[in-house]
Amino acid sequence: RLPDTVRLRDITDFIVASRNGGANITGLLHSLGYTRGLLQALGFPEAQRVEAMLRFAVLGLRPAREVPSGLSLSEKAWVKYRVALLSGQIHMLAPLASTCCVGSKRKRVAPNIL
């Protein structure tokens, strides 16, 4: 419920202002709502969520560091190898995850994405 001092005109003015300049603040707030809902479903405390958002907002205020140059060919190969290894581990262990939930209230661990 909105306070009595907030009028419908105030809300429409906010929505119009949030879309000015190409920035879609409404979309950002909508995404944050989804994030909040997901974290609540996982039992993540609200205070920790706000603390994490504040920590990264403060990090975003710091001056930008020098952007490193691209990876060398050997570094790219190493990263590709490590990602492939991780992918293999996930695909191999994902079917076993449901056995970890025996006796749990959950019927499924996660949507079947593999």
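The structure contained in this document is the topic of the report that follows. Since the structure is predicted, the reported quantities are computational estimates derived from the model, not experimental observations. (Residues numbered from 1 in each chain as written. Predicted model: local features only at pLDDT ≥ 70, side-chain atom pairs only at ≥ 80, totals over all residues. Heavy atoms only, no water.)

1. Some thoughts on helix α4 (residues 73-97)
Just so we agree on the cut-off: Put simply, DSSP marks the helices as runs of H or I at least four residues long and the strands as runs of E at least two long, and each gets a number from the N terminus on. The length a helix should cover is 1.5 Å for every residue beyond the first. Note on bend: at a given residue it equals the angle between the axes fitted to the 7 residues ending there and to the 7 starting there.
With 25 residues, α4 should reach 36 Å at 1.5 Å per residue; the first-to-last C-alpha distance of 36 Å fits that figure. The axis of α4 is deflected most strongly, by about 25°, at His91, and proline Pro95 appears within four residues downstream.

2. Looking at the packing of aromatic side chains
Operational definition: For Phe, Tyr and Trp, rings pair up if their centres lie within 6.5 Å, where Trp contributes its six-membered ring, and each pair is then called stacked (planes under 30 degrees apart), edge-to-face (over 60) or tilted (otherwise). Relative accessibility thresholds used throughout: buried, under 20% of the residue-type maximum; exposed, over 50%; partly exposed, between the two (1.4 Å probe, protein chains only).
Under the criterion given, the structure shown has one aromatic pair. Taken together, a centroid distance of 5.6 Å and an interplanar angle of 35° make the contact between Trp78 and Tyr81 tilted. Within this pair, Trp78 and its partner Tyr81 are both found in helix α4, separated by three residues, close to a single helical turn. According to the relative accessible area criterion, Trp78 is exposed, its value standing at 51%. Note on Tyr81: relative accessible area 47%, which makes it partly exposed.

3. Re the pattern of salt bridges
So the rule is basically this: Between Lys or Arg on one side and Asp or Glu on the other, a salt bridge is scored when a side-chain nitrogen of the former is within 4 Å of a carboxyl oxygen of the latter.
Going through the model one piece at a time under the given rule, you end up with four salt bridges. The partner of Arg9 in a salt bridge is Asp13, with the nearest N and O atoms 3.4 Å apart. Of this pair, Arg9 and Asp13 both sit in helix α1 (residues 8-18), four residues apart, which is roughly one turn of the helix. For Arg9, a relative accessible area of 54% gives the class exposed. Taking the relative accessible area as the measure of exposure, Asp13 reaches 38% and is therefore partly exposed. A salt bridge links Arg36 to Glu46; the shortest N-O distance between them is 3.4 Å. In this pair, Arg36 sits in helix α2 (residues 25-41) while Glu46 sits in helix α3 (residues 46-61), placing the two residues 10 residues apart along the sequence. Each of Arg36, Glu46 and Arg49 takes part in a single network of salt bridges with overlapping partners.

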